[in-house]
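Chain and residue survey
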Amino acid sequence: MMVKVLLVPLSVLLVSLTGVCSLRTRQIYVNAGEMVALQCPLRGHGDAKRIWTSYTTKEMDLTNMSSAELRQNGVLVHERNLVILSTSVNHQGNYSCSLGNASSQSWFRLTVYTTQREYEERTKYPVTCYTQESCTLHCPDVNMPAVNTPDITSSGIIWNKEGESLPRDSHFSSAEENDHGVYTCTRSYLYHGQIYNMTFTVELDVRPKAESEKSSVIISPRNFEKCHVDLGSTVVIDCKAVLYSDFDEVFWLSGNSFVGTNNNLPVFYNYTKEKNTEEIKMTASLVFKQVSEKDLSENYTCKLDTDHQYSSFVTIILVRKPRPSYVSLAVGIVCMMAVMVVSVVIYVKFKIDIILFLRDTLGCHRSTSDGKSYDAFLMCYKSDTDAGLNAYDRNWLNSVLEDRFGYSLCLYDRDVLPGNTVAEAVLDCIERSRTVVLVPTSPDPGPGSGLLSAIHAALVERQTRLVFIKTETTEESKSGSLPEALQLLAKAGECVTWRGLRSMPPSSSFWKQLRYYLPAPQHAPKIKLLPQTVKGVTSWENV
């Protein structure tokens, strides 16, 4: 697979030596007599020592050589740097650096040219500027010694143009076509009073402004973008770029080391290219099989390597996803349960008021006929005590139900037709009513409690809705004091207690309970004034 390298703008092949799994072999080109520096990309942990080995005339462990032996070979070794002060053909060959583990090595192939022209042809760096635009030439920074190499100091950069003897400025405030040509930059370094040089050739092409070329660019991710990951999870991070040259390439770095393409590695990358008439879309996918703590501490960089412009970098930061907080969830659940409990308590306590409010406010009255003529049939039964409803109470009961709340009532002494037997007449009235309300009286003005025993079976068989009105005296008396038929009917129906004067106002709990057990009336109530007499005093209430 063709890949790009960092130090020079040329494609090289991955190489494999016996017993060695290399990352990439970097091709280093140098002119004879000039300085060159090899930098080991492997990152050590703790006191790990980098081992430099030369495979030129013979295999030599440069790291363990004495200072005298290194000077004799014209070589300096310091941490990540292997510096050759003045290269010769004897230095040409392969070099490697490792951390003491043969399975992790970085390889270099050093080629030394004895003629300037051969070297320039191999290491020429093309640069494009456009007329009447500002342009600055940059001297390549490949093969440079690190700034922390002892006793080596930089002495500056000198620019020369081919065919001219005087140095030139590397900046053009407004480039012109005659600025086109080959430029040489010379980097000088001082070591123990001796000057050592590194030269690079830059070929400047000045084009008209209208011929501006499109630049390759990384479109995602953004630089220093945070990628939230879970430890142990599989993560794929895509680096997408738009390229305008077949020689441009995108790849991933871990720190200063290349990320391999071997999918057996815990971290690797693969890529795809999609080419059309004008551009190339390339995606380099960085794959973490299982994200580890070590991965969180590394810097991963997507690099766009190109021959016709400056390379660009995008670094991502792996950040561990914060653990979910269950406090807010628990608080939310507790609040929801509290609301539900409060709602249930309020509904249970105020259920009757809520239902009646909805009926009165929304006008929940029957709009469809169910074949019944009356909302309720008021049937009296004889109370064993003197606490039953007297004639005035019964009239008040009838008036409030009909005139205040709009119920259609069937009354025995008013609506039962003569001609039939009492039992048949009562059963007919029950059949035509939606509910039967049993009212205690003293004395008994109606068909009497004896009739209840006769029609009890019919009421149970027809599943007639029953509302049984009792008095406080009836509640206090023993259950056996009522006839058996009344006891059975009281168990089958809903019971409402009449409490005398306290039950007279239409807003009392008696009326609320009675209306709750009765079905919604067929028609809306008619508003008018009803006389209310309490303890001999007559008052008028707006109903």
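Sequence order sets the numbering: in each chain, residues are counted from 1 along the sequence as written. Totals for whole chains, interfaces and linings use every residue, but because this is a predicted model, local features are given only for residues with pLDDT of at least 70 and side-chain atom pairs only at 80 or more, for both listing and counting. Neither water nor hydrogens contribute to the side-chain values; these are computed over all heavy atoms in the structure.

1. Description of the sheet that holds strand β7 (residues 75–78)
This is how it is decided: Two strands are said to pair when DSSP picks up at least two bridges between them. Only DSSP runs of H or I reaching four residues or more are called helices, and only runs of E reaching two or more are called strands; each is numbered from the N terminus. Note on geometry: axes are lines fitted to C-alpha atoms, helical ones only across the stretch in contact, with angles between N-to-C directions running from 0 to 180 degrees.
Spatial strand order, β4-β8-β7: three strands in an open sheet with antiparallel pairing. Both outer strands of the open sheet, β4 (36–39) and β7, are each paired with one neighbouring strand and no more. Going across the sheet, the axis of each strand differs from the next one's by a mean of 15 degrees, ignoring polarity. Bridge analysis of β4 against strand β8 (residues 81–84) gives four bridges, and the strand direction is antiparallel. Considered in β8, the bridge of Gln39 is made with Asn81.

2. Regarding the environment of Cys380
For clarity, the cut-off: Here's how the labels work: a residue is buried when its accessible area is under 20% of the maximum for its type, exposed when over 50%, partly exposed in between, all with a 1.4 Å probe on protein chains only.
With respect to the helices and strands, Cys380 occurs in strand β27 (residues 376–382). Judged by its relative accessible area of 14%, Cys380 falls in the buried class. Distance in space between the C-alpha atoms of Cys380 and Leu411 is 9.6 Å, their sequence separation being 31 residues.

3. Looking at the environment of Arg222
Put simply, the rule is: In what follows, a contact means two residues having at least one pair of non-hydrogen atoms within 4.5 Å.
By secondary structure assignment, the location of Arg222 is in the loop between β18 (217–220) and β19 (225–229). Note on Arg222: relative accessible area 60%, which makes it exposed. Once the C-alpha coordinates of Arg222 and Thr315 are considered, the two residues, 93 residues apart in sequence, prove to be 7.9 Å apart. With residues up to four places along the chain from it excluded, the contact list for Arg222 reads Val314 and Thr315.

4. Section: the nonpolar core
This is how it is decided: To form a nonpolar core, buried Ala, Val, Leu, Ile, Met, Phe, Trp, Tyr and Cys residues must be joined to one another through side-chain atoms within 4.5 Å.
Ranked by size, the top nonpolar core spans 30 residues in total, and within it Leu137, Phe200 and Leu204 carry the most contacts. Where this core is concerned, the elements lending two or more residues are β11 (124–130), β13 (152–161), β16 (181–191) and β17 (194–207). Those residues in contact with Phe200 that sit more than four places away from it in its chain are Tyr119, Tyr125, Cys139, Pro140, Val142, Tyr183, Thr184, Cys185 and Arg187. Within the second largest apolar cluster, 29 residues are counted, among which are Ile237, Leu243, Trp252 and Tyr300.

5. Considerations on the packing of helix α4 (residues 327–362) against helix α11 (residues 509–517)
What describes two packed helices is the angle between their axes and the distance between those same axes. To keep things clear, this is the line we draw: Any angle that is under 35 degrees is reported as roughly parallel, and any over 145 degrees as roughly antiparallel; angles of 65 to 115 degrees are reported as roughly perpendicular and all others as oblique. In a left-handed crossing the near helix is turned counterclockwise from the far helix by less than a right angle, and in a right-handed crossing that turn is clockwise. Note on residue categories: nonpolar means Ala, Val, Leu, Ile, Met, Phe, Trp, Tyr, Cys or Pro, charged means Asp, Glu, Lys or Arg, and polar means any other residue, Gly included.
Their axes nearest at 10 Å, the elements α4 and α11 cross at an angle of 65 degrees. If you check the angle between α4 and α11, you find them roughly perpendicular. Considering the relative orientation of α4 and α11, their crossing is left-handed. Across from Lys351, Ile352, Asp353, Ile355, Leu356, Arg359 and Asp360 in α4, the residues of α11 making contact are Lys512, Gln513, Arg515 and Tyr516. When its residues are assigned to classes, the contact of α4 with α11 shows four nonpolar, one polar and six charged.

6. A closer look at the state of the cysteines
For the record, the criterion: Here, two cysteine sulfur atoms that lie within 2.5 Å of each other are counted as a disulfide.
Counting across every chain of the model gives five disulfides. Paired through a disulfide, Cys40 and Cys97 show a sulfur-sulfur distance of 2.1 Å. On the S-S bond that ties Cys40 to Cys97, the torsion sits near 80 degrees, and the link is right-handed. Of the two residues, Cys40 is situated in the loop between β4 and β5 (51–55) and Cys97 in strand β9 (residues 93–98); the sequence distance between them amounts to 57 residues. A single burial state applies to Cys40 and to Cys97, both of which are buried.

7. A short note on the pattern of salt bridges
When charged atoms on two side chains of opposite charge get close, those side chains can pair. To keep things clear, this is the line we draw: In what follows, salt bridge is the name for a side-chain nitrogen of Lys or Arg lying within 4 Å of a carboxyl oxygen of Asp or Glu.
Throughout the structure, instances matching the rule amount to nine salt bridges. Here Glu402 ties to Arg414 by a salt bridge, and the two come within 2.9 Å at their closest N and O atoms. With a gap of 12 residues between them, Glu402 in helix α5 (residues 391–404) and Arg414 in helix α6 (residues 412–415) connect regions that are remote in the sequence. Several salt bridges share partner residues, and in doing so they unite Glu164, Arg168 and Asp179 into one network.

8. Here's the deal with the packing of aromatic side chains
This is how the line gets drawn: Any pair of Phe, Tyr and Trp rings, taking the six-membered ring for Trp, is counted once the centres come within 6.5 Å. Such a pair is stacked with planes under 30 degrees apart, edge-to-face with planes over 60 apart, and tilted for the rest.
According to the stated counting rule, one finds 10 aromatic pairs in the structure shown. Taking the centre distance of 5.1 Å and the plane angle of 85 degrees together, the rings of Phe288 and Tyr300 count as edge-to-face. Of this pair, Phe288 sits in strand β24 (residues 280–288) while Tyr300 is found in strand β25 (residues 300–305), placing the two residues 12 residues apart along the sequence. Look at Phe288 and you get buried, because its relative accessible area is 0%. Residue Tyr300 is classed as buried on the basis of its relative accessible area of 3%. Members of the aromatic cluster, each reached through a chain of ring pairs, are Phe405, Trp498, Phe510 and Trp511.

9. Considering the packing of α5 against α11
Interaxial distance between α5 and α11 falls to 12 Å at its minimum, and their mutual angle equals 60 degrees. Taken together, the axes of α5 and α11 are oblique relative to one another. Viewed along their axes, α5 and α11 form a crossing whose handedness is right-handed. Residue-level inspection shows Trp396, Leu397, Val400 and Leu401 of α5 in contact with α11, the latter providing Phe510, Trp511 and Leu514. Looking at the contact of α5 with α11, its residues break down into seven nonpolar, no polar and no charged.

10. So, a nonpolar patch on the surface
What counts is decided by this rule: A patch consists of residues whose relative accessible area exceeds 30% and which take part in no salt bridge; residues with like charges are grouped when within 9 Å of each other, and nonpolar side chains (Val, Leu, Ile, Met, Phe, Trp, Tyr) when within 5 Å. Areas reported as accessible are Shrake-Rupley estimates using a 1.4 Å probe. Residue values count occlusion only from the protein chains shown.
On the surface, Val342, Val344, Ile346, Tyr347, Val348, Phe350, Ile354, Phe357, Leu358 and Leu362 cluster together into a nonpolar patch covering about 930 Å² of accessible area. If you trace the backbone, Leu358 turns up in helix α4.

11. Some words on the confidence of the model for the chain
Just so we agree on the cut-off: In predicted models, pLDDT denotes the confidence assigned by the predictor to each residue on a 0 to 100 scale.
When the pLDDT values of the chain are averaged, the result is 80; 80% of them are 70 or greater. Under a pLDDT of 50 for its full length, residues 527–543 has, in the predicted model, 42 contacts with residues more than four places off or in other chains.

12. A closer look at the pairing of β17
Across seven bridges, β11 lies against β17 in parallel orientation. Residue pairing across strands places Lys124 opposite Thr201, the latter belonging to β17. With 11 bridges connecting them, β16 and β17 associate as antiparallel partners. Of the residues in β17, the one forming a bridge with Thr186 is Thr199. Between β16 and β17, which follow one another and run antiparallel, lie two residues, and His192 among them has a positive phi close to 50 degrees.

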